[in-house]
Amino acid sequence: MVLDFDSIREMIVNFAVLYGLKLLVAIFLLVIGAWVIKRLKTFLNNIMLRKSVDESLRPFLLSILSIALWVLLLVLVIAQLGLEMTSFIAVLGSAGLAIGLALQGSLANFAGGVLILTIKPFRVGDFIEAQGQSGTVQQINIFNTVLKTADNKTIFIPNGPLASAVVVNYSVESTRRVELLFTVSVNNDIGKVRRLITELISQDERVLKEPAPAIVVTNFAEHSITISTRIWCKREDYWALYWDMNERAKDTFERNDVALPVPRREVLQQSGGAPAKAAV
């Protein structure tokens, strides 16, 4: 077979003349469109910030808008190349159906994201516990919710399971109850221990007057008594108050000769016994 180089060259030239300009315009549209989409997202984000749109809703809306604009841009680029739109839409519909069947889990996550933003069991900035994980909500995306843990780990939870799971939100109420358990020896005067704890509570301004603190005996064993102290504080003071009260209670008990329960093993050793089975 003899190649006719003149015919090949003429075919290439005709193809370049026919489609070259369309290709350049399509590339130009793609570049300009990408720039416009980026600027438009920034513009709309600034508008939502000025209008105080819920921080949980902004990333979700911007993601939906970005996907819609990119689909529109690709349709314009394909139309500029001169492809038949009817056939393209038919192919796109078939592909969309196949992708939808393959990504049923992702669609469930998308629906879960919509449900979360509609019902609002939590917002960005809330500390929640769900799906065996706990942390501060950083973002609510289309398909997942991002948590930041207390030790600075990032957790991505799919929205589908999260929307139908039990969610504990620690940030809804402005106050929280702190429960402290003090276990002392059964030989102590309960009235004295209660007075010391009451003084300890009254000295801390973070403890709220209402609801009133409660100091009650919650367990009575052979060698120990457990005194439960329930106090209320502002949500942001919870952990600092919890840690401080435990440390100060220990110092107060030591200064006032409040005896702690002695393990049974230690009692037997001090009496010279040799127990066959160590017990606490």
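Residues numbered from 1 in each chain as written. Predicted model: local features only at pLDDT ≥ 70, side-chain atom pairs only at ≥ 80, totals over all residues. Heavy atoms only, no water.

Going by the annotation in an unreviewed UniProt entry, the name recorded for the chain is Small conductance mechanosensitive channel, with Pontibacter mucosus given as the source organism. Annotation of the chain in UniProt includes, under Subcellular location (unreviewed entry), the sentence "Cell membrane". (UniProt positions renumbered as here; feature names shortened; annotations may be inferred.)

Engineer: Please explain the overall build of the chain as it appears in this structure.
Structural biologist: The number of helices and strands found in the chain is eight helices and eight strands. Counting every position in the chain, which comprises 280 residues, the buried fraction comes to 25%. Taking the intrachain contacts of the chain between residues at least 6 apart in sequence as the baseline, contacts between residues at least 24 apart amount to 65%. Surface exposure of the chain reaches about 18,600 Å², of which carbon and sulfur atoms provide 61%. (Helix = DSSP H or I, 4+ residues; strand = E, 2+ residues; numbered from the N terminus. Buried < 20%, exposed > 50% of the residue type's maximum accessible area, 1.4 Å probe, protein only. Contact = heavy atoms within 4.5 Å. Areas by Shrake-Rupley, 256 points an atom, 1.4 Å probe, with all protein chains shown as cover.)

Engineer: When you look at the nonpolar core in this model, what are you seeing that I'm missing?
Structural biologist: Across soluble globular proteins, nonpolar side chains show a tendency to be buried alongside one another. The biggest cluster of nonpolar side chains holds 21 residues, and the ones touching the most others in it are Val178, Ile197, Ile201, Ile231, Leu241, Met245 and Phe253. Taken together, the elements giving at least two residues each to this core come down to strand S6 (175-185), helix H6 (190-202), strand S8 (224-234) and helix H7 (238-255). The contacts of Ile201, once residues within four sequence positions are left out, are Val207, Pro213, Ile215, Thr229, Ile231 and Met245. Core analysis: the next-biggest nonpolar cluster, separate from the first, contains 14 residues, Leu117, Phe122, Ile142 and Leu162 among them. (Core = buried A, V, L, I, M, F, W, Y, C linked by side-chain atoms within 4.5 Å.)

Engineer: Can you help me understand the sheet that holds strand S3 (residues 144-148) in this one?
Structural biologist: By definition, the strands of a sheet pair up through backbone hydrogen bonds, in either a parallel or an antiparallel sense. If you walk across this open sheet you meet the five strands as S4-S3-S2-S1-S5, and the pairing is antiparallel. At either end of the open sheet lies a strand with only one pairing partner, and these are strand S4 (154-158) and strand S5 (168-169). With two bridges joining them, strand S1 (residues 127-130) and S5 adopt antiparallel strand pairing. The partner of Glu129 across the bridge, within S5, is Val168. (Pairing = 2+ DSSP bridges.)

Engineer: It is not clear to me how the sheet that holds strand S7 (residues 214-220) should be interpreted in this structure. Could you clarify?
Structural biologist: On the basis of which strands lie adjacent, the open sheet formed by three strands has the order S6-S8-S7 and antiparallel pairing. Each edge of the sheet is formed by a strand with only one pairing partner; in this case those strands are S6 and S7. Direction aside, neighbouring strands of the sheet carry axes that sit 25 degrees apart on average. As paired elements, S7 and S8 share six bridges and run antiparallel to each other. Bridging across to S8, Phe220 finds its partner in Ile225. Across the sheet, H7 lies against S6 and S8, angled at about 20 degrees from S6, the strand it touches most. (Axes fitted to C-alpha atoms, helices over the stretch in contact; angles between N-to-C directions.)

Engineer: Would you take a moment to explain the pattern of salt bridges for this structure?
Structural biologist: Oppositely charged side chains can form a pair if their charged atoms are brought close together. Throughout the structure, instances matching the rule amount to seven salt bridges. Here Arg177 ties to Glu179 by a salt bridge, and the two come within 3.3 Å at their closest N and O atoms. What emerges from the salt-bridge pattern is a single network uniting Asp204, Arg206, Asp244 and Arg248. (Salt bridge = Lys/Arg side-chain N within 4 Å of Asp/Glu carboxyl O.)

Engineer: Any chance you could explain the environment of Lys153 here in plain terms?
Structural biologist: The topology assignment puts Lys153 in the loop between S3 and S4. Put simply, Lys153 and Gly135 are 18 residues apart on the chain and 8.9 Å apart in space, counted from C-alpha to C-alpha. Residues within four places of Lys153 in sequence aside, it is in contact with Leu147 and Lys148.

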